[in-house]
Amino acid sequence: MDLWLGKRLLQLSWEEFGNSVDILYERICQDAVKPDAVVALARGGLPLATALAHRLELHDIRVISVTRNAGDERYAERGAPKIAWVGP
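Residues numbered from 1 in each chain as written. Predicted model: local features only at pLDDT ≥ 70, side-chain atom pairs only at ≥ 80, totals over all residues. Heavy atoms only, no water.

Chemist: Explanation requested: the packing of aromatic side chains in the structure shown.
Modeler: Think of a pair of aromatic rings as described by two things: how far the centres are apart, and how the planes are tilted against each other in angle. Applying the stated criterion across every chain yields a total of 1 aromatic pair. Their ring planes at 80° and their centres at 5.5 Å tell us that Trp14 and Phe17 sit as a pair that is edge-to-face. One end of the pair, Trp14, and the other, Phe17, are both in helix H1 (residues 14-30), 3 residues apart, so they sit about a helical turn from each other. A relative accessible area of 71% places Trp14 in the exposed class. Relative accessible area serves as the criterion here: at 18%, Phe17 is assigned to the buried category. Over the ring of Tyr25 we find Arg55, and its NZ or CZ is 4.1 Å from the ring centre. (Phe/Tyr/Trp six-rings, centres within 6.5 Å; stacked < 30°, edge-to-face > 60°. Helix = DSSP H or I, 4+ residues; strand = E, 2+ residues; numbered from the N terminus. Buried < 20%, exposed > 50% of the residue type's maximum accessible area, 1.4 Å probe, protein only. Lys NZ or Arg CZ within 6 Å of the ring centre and 35° of its normal.)

Chemist: Would you mind going over helix H2 (residues 46-56) with me for this structure?
Modeler: Because each turn of an α-helix spans 3.6 residues, side chains separated by three or four positions in sequence point in the same direction. Here H2 has its buried residues at Ala49, Leu52, Ala53 and Leu56. Around the axis of H2, the buried residues are gathered within 105° of arc, so they sit on the same side. Tucked into the core, H2 has its buried residues touching H1, strand S1 (38-41) and strand S2 (61-69). Once H2 ends, the next one or two residues include Glu57, with phi positive near 55°. (Arc of directions from axis to C-beta. Contact = heavy atoms within 4.5 Å.)

Chemist: Explanation requested: a nonpolar patch on the surface in the structure shown.
Modeler: There is a patch of nonpolar side chains on the surface, built from Leu41, Val66 and Ile83 and spanning about 280 Å² of accessible area. Looking at where Ile83 falls in the secondary structure, it is placed in strand S3 (residues 78-85). On the basis of relative accessible area, Ile83 is assigned to the exposed category, the value being 64%. (Patch = residues over 30% accessible without salt bridge, like charges linked within 9 Å, V, L, I, M, F, W, Y side chains within 5 Å. Areas by Shrake-Rupley, 256 points an atom, 1.4 Å probe, with all protein chains shown as cover. Salt bridge = Lys/Arg side-chain N within 4 Å of Asp/Glu carboxyl O.)

Chemist: Would you explain the confidence of the model for the chain in this entry?
Modeler: When pLDDT drops low, the exact placement of atoms in the prediction is not to be read closely. Of the residues in the chain, 85% have a pLDDT of 70 or more, and the chain-wide mean is 83. Mean pLDDT across the elements of the chain ranges from a minimum in S3, with 76, to a maximum in H2, with 94. (pLDDT = per-residue confidence, 0-100.)

Chemist: How should I be thinking about the pattern of salt bridges in this particular structure?
Modeler: Between side chains of opposite charge, pairing is possible as soon as their charged atoms come close. The tally for this structure, following the rule as stated, stands at 2 salt bridges. As a salt-bridge pair, Arg55 and Asp22 come within 2.3 Å of each other at their nearest N and O atoms. Of this pair, Arg55 sits in helix H2 while Asp22 is found in helix H1, placing the two residues 33 residues apart along the sequence. Judged by relative accessible area, which is 33%, Arg55 ranks as partly exposed. Residue Asp60 is joined to Arg62 by a salt bridge in which the shortest nitrogen-to-oxygen separation is 2.7 Å. Given the relative accessible area of 31%, Arg62 is considered partly exposed.

In structure tokens form, the structure reads like this:
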């Protein structure tokens, strides 16, 4: 997929973001198991995790950090991912 090859970035309007949250919420509700918590990626995943937690009526949001870029440039060199818990 081009998105992960650094050829394009996925950009959503707030309306598209809300619609995407609705779709994800509906898919989760179709599953027989209700989640106990939402896990968010620290850089980029917090808005989605917050919106989804509200829709699922969950108060438990966990935050992890995944670092693999050598710098902050748009298409920075990547190394092996380093995963760390940021919050409880």
